[in-house]
Amino acid sequence: MVKAPCRLGCDDLFERGYMAIDDTGRIVTPVPEGIATEAWRQVVAWVEGRTWPTFGKATRECFVWHYSHTFRG
């Protein structure tokens with residue numbers, strides 16, 4: 001099993017559309033209005049641009065769908 005790259009609730013952020021994986025496997029995290037706090041900026045700085053460990057041929061289609069349909073960025 002591959003561990004997620006953070007323990008900050010990334011799965012919840014992903015499911016709510018505040019975090020996504022682009023078509024190259026990189027994590028993208030916008031700064032949504034209303035929660036652009038210093039804490040959020042620190043989270044973004046920590047995860048933005050990292051490669052998601054489970055991204056690959058088998059998972060790419062799911063991540064691309066999520067990016068197009070759920071992501072708030």
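Residues numbered from 1 in each chain as written. Predicted model: local features only at pLDDT ≥ 70, side-chain atom pairs only at ≥ 80, totals over all residues. Heavy atoms only, no water.

J.: How would you sum up the overall build of the protein? Please name residues and give values.
T.: Helix and strand content of the protein: three helices and two strands. Mapped in sequence order, the helices and strands of the protein form the string α-β-β-α-α. In the protein, which comprises 73 residues, the share counted as buried stands at 32%. Sequence separation of 24 or more characterises 58% of the internal contacts of the protein that already satisfy a separation of 6 or more. About 5100 Å² of surface is accessible on the protein, with carbon and sulfur atoms providing 53% of the total. (Helix = DSSP H or I, 4+ residues; strand = E, 2+ residues; numbered from the N terminus. Buried < 20%, exposed > 50% of the residue type's maximum accessible area, 1.4 Å probe, protein only. Contact = heavy atoms within 4.5 Å. Areas by Shrake-Rupley, 256 points an atom, 1.4 Å probe, with all protein chains shown as cover.)

J.: Go over the nonpolar core, please, and point to the residues and values.
T.: As a rule of thumb, nonpolar side chains are buried together in soluble globular proteins. Core analysis: the biggest nonpolar cluster contains 11 residues, these being C10, L13, F14, M19, I21, I27, W40, V44, V47, W52 and F63. If you list the elements that add at least two residues to this core, you get α1 (10-15) and α2 (38-47). Ignoring any residue separated from it by four or fewer positions in sequence, one finds F63 in contact with F14, I21, W52, T54 and F55. (Core = buried A, V, L, I, M, F, W, Y, C linked by side-chain atoms within 4.5 Å.)

J.: Describe in detail the packing of aromatic side chains, supporting the description with residues and values.
T.: Ring pairs (aromatic) are described by centroid distance and by the angle formed between their planes. The full count for this structure, using the stated rule, is three aromatic pairs. One aromatic cluster in this structure is built from F14, F55 and F63. Between the NZ or CZ atom of R50 and the centre of the ring of W46, over which it lies, the distance is 4.2 Å. (Phe/Tyr/Trp six-rings, centres within 6.5 Å; stacked < 30°, edge-to-face > 60°. Lys NZ or Arg CZ within 6 Å of the ring centre and 35° of its normal.)

J.: Explain the environment of I21 residue by residue, including any values.
T.: Summarising the element assignment, I21 is placed in strand β1 (residues 20-21). Taking the C-alpha atoms as reference, I21 lies 9.7 Å from C62; in sequence the two are 41 residues apart. When neighbours within four sequence positions are excluded, I21 is seen to be in contact with F14, R26, I27, W52, F55, F63 and Y67.

J.: Now, about the environment of C10: what can you tell me, with residues and values included?
T.: Tracing the sequence through the fold places C10 in helix α1. Spatially, the C-alpha atom of C10 lies 9.3 Å from that of V47, the residues being 37 residues apart in sequence. Excluding residues that lie within four positions of it along the chain, C10 makes contacts with M19 and W52.

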